[in-house]
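Chain by chain, the residues:
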Amino acid sequence: MNFFEFIFQDWRVNKGNVKGRIILLLFRIANFCSTRKIYYYIGFIYLLFYRILVEWFFSIEIPWNVKIGKNLSLFHGQALVMTNQVVIGHNCTLRQSTTIGNKQLANGNYSTSPIIGNYVDIGSNVCIIGSITINDNVLIGSGAIVVKDVPPYSTVTGNPGIAKPRKDTTPIV
Ligand SMILES: CC(C)(COP(=O)(O)OP(=O)(O)OC[C@H]1O[C@@H](n2cnc3c(N)ncnc32)[C@H](O)[C@@H]1OP(=O)(O)O)[C@@H](O)C(=O)NCCC(=O)NCCS
Ligand SMILES: CC(=O)OC[C@H](N)C(=O)O
């Protein structure tokens with residue numbers, strides 16, 4: 001993927017969603033810098049700009065070095081927080097007021113962060129916490145608190161989130 005393909009990889013799926021497009025374009029440029037050492041040094045000022053603009057002004061914490069696959073949809077971009085250990089596959093959807101992160105363990109260390117597969121559609125006001133894996137083609141309902149692994153083709157709702165097989169097993173697009 002060349003530079004332009006890399007930074008515009010979410011453009012099409014966020015059609016009509018100007019804020020999502022801008023935030024993801026800014027993220028992909030920062031992400032490009034973080035994954036290529038030479039750009040990391042040249043891009044240091046850009047990374048500062050990215051953090052201040054996206055975190056402080058847009059209230060979105062997508063760390064510049066987090067791994068996210070292509071075609072991320074970012075709806076209603078506000079109050080979204082994730083750690084830099086999170087991994088998100090391709091063709092996923094994120095919405096407002098969502099946290100994806102780790103937890104402190106009894107021994108004082110921190111767990112790893114969630115690994116999220118492909119075609120995972122995450123509703124609004126969701127928390128996904130801990131060393132867990134969300135498999136492919138999963139719907140996470142609005143307000144769910146997800147603290148356990150989720151099998152593929154499931155819908156998760158509630159607190160604590162309960163995963164049930166999806167009735168409609170056509171892949172999420
Ligand atoms: C979870 C979700 C994907 C399920 O959609 P669906 O397959 O059409 O499910 P239904 O509406 O038929 O509901 C099925 C059951 O789940 C329950 N349910 C649906 N969404 C729920 C949610 N978010 N939390 C808890 N229970 C939920 C329903 O009450 C129903 O329960 P019942 O079987 O006891 O009657 C959807 O409701 C959802 O939350 N999507 C997220 C959308 C979102 O974030 N919108 C905000 C946009 S900004
Ligand atoms: C607030 C709302 O209902 O937004 C709808 C939007 N298409 C979404 O799924 O996020």
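Model, not experiment: these values are computed from the prediction.

**Notes on the site of ligand 2**
At step 1: Taken together, Phe75, His76 and Arg95 make up the full set of residues near ligand 2.
At step 2: One nitrogen or oxygen atom from the side chain of His76 is found 2.9 Å from an oxygen atom belonging to ligand 2.
At step 3: Arg95 places a side-chain nitrogen or oxygen 2.8 Å from an oxygen atom of ligand 2.
At step 4: The fraction of the free accessible surface of ligand 2 (300 Å²) that becomes covered by protein chains is 40%.

**Digging into the packing of helix H2 (residues 18-35) against helix H4 (residues 44-57)**
At step 1: Interaxial distance between H2 and H4 falls to 10 Å at its minimum, and their mutual angle equals 150°. The orientation of H2 with respect to H4, classified from their angle, is roughly antiparallel. Read as a crossing pair, H2 and H4 show a hand that is left-handed. Each of Ile23, Leu26, Phe27, Ile29, Ala30 and Cys33 in H2 lies in contact with H4, whose residues at this interface are Tyr46, Leu47, Phe49, Tyr50, Leu53 and Val54.
At step 2: Split into classes, the residues belonging to the contact of H2 with H4 amount to 12 nonpolar, no polar and no charged.

**Focus: the pattern of salt bridges**
Pairs can form between side chains of opposite charge once their charged atoms are near each other.
At step 1: As enumerated under the stated definition, the model contains three salt bridges in all.
At step 2: Residues Arg51 and Glu55 are paired through a salt bridge, measuring 3.3 Å at the closest nitrogen-oxygen approach. Here Glu55 and Arg51 lie together in helix H4, a separation of four residues that amounts to about one turn.
At step 3: Arg51 gets classed as partly exposed once you look at its relative accessible area, which sits at 42%.
At step 4: Classification of Glu55 by relative accessible area gives buried; the value is 18%.

The rules behind the values
- Residues numbered from 1 in each chain as written.
- Chains lettered and ligands numbered in written order.
- Predicted model: local features only at pLDDT ≥ 70, side-chain atom pairs only at ≥ 80, totals over all residues.
- Heavy atoms only, no water.
- Near = heavy atom within 4 Å.
- Polar contact = N/O pair within 3.5 Å; in protein donor to acceptor, adjacent residues only side chain to side chain.
- Areas by Shrake-Rupley, 256 points an atom, 1.4 Å probe, with all protein chains shown as cover.
- Axes fitted to C-alpha atoms, helices over the stretch in contact; angles between N-to-C directions.
- Helix = DSSP H or I, 4+ residues; strand = E, 2+ residues; numbered from the N terminus.
- Parallel < 35°, antiparallel > 145°, perpendicular 65-115°, else oblique.
- Left-handed = near helix turned anticlockwise from the far one by under 90°.
- Contact = heavy atoms within 4.5 Å.
- Nonpolar A, V, L, I, M, F, W, Y, C, P; charged D, E, K, R; others polar.
- Salt bridge = Lys/Arg side-chain N within 4 Å of Asp/Glu carboxyl O.
- Buried < 20%, exposed > 50% of the residue type's maximum accessible area, 1.4 Å probe, protein only.

Interpretation in functional terms is not warranted from these geometric data alone.
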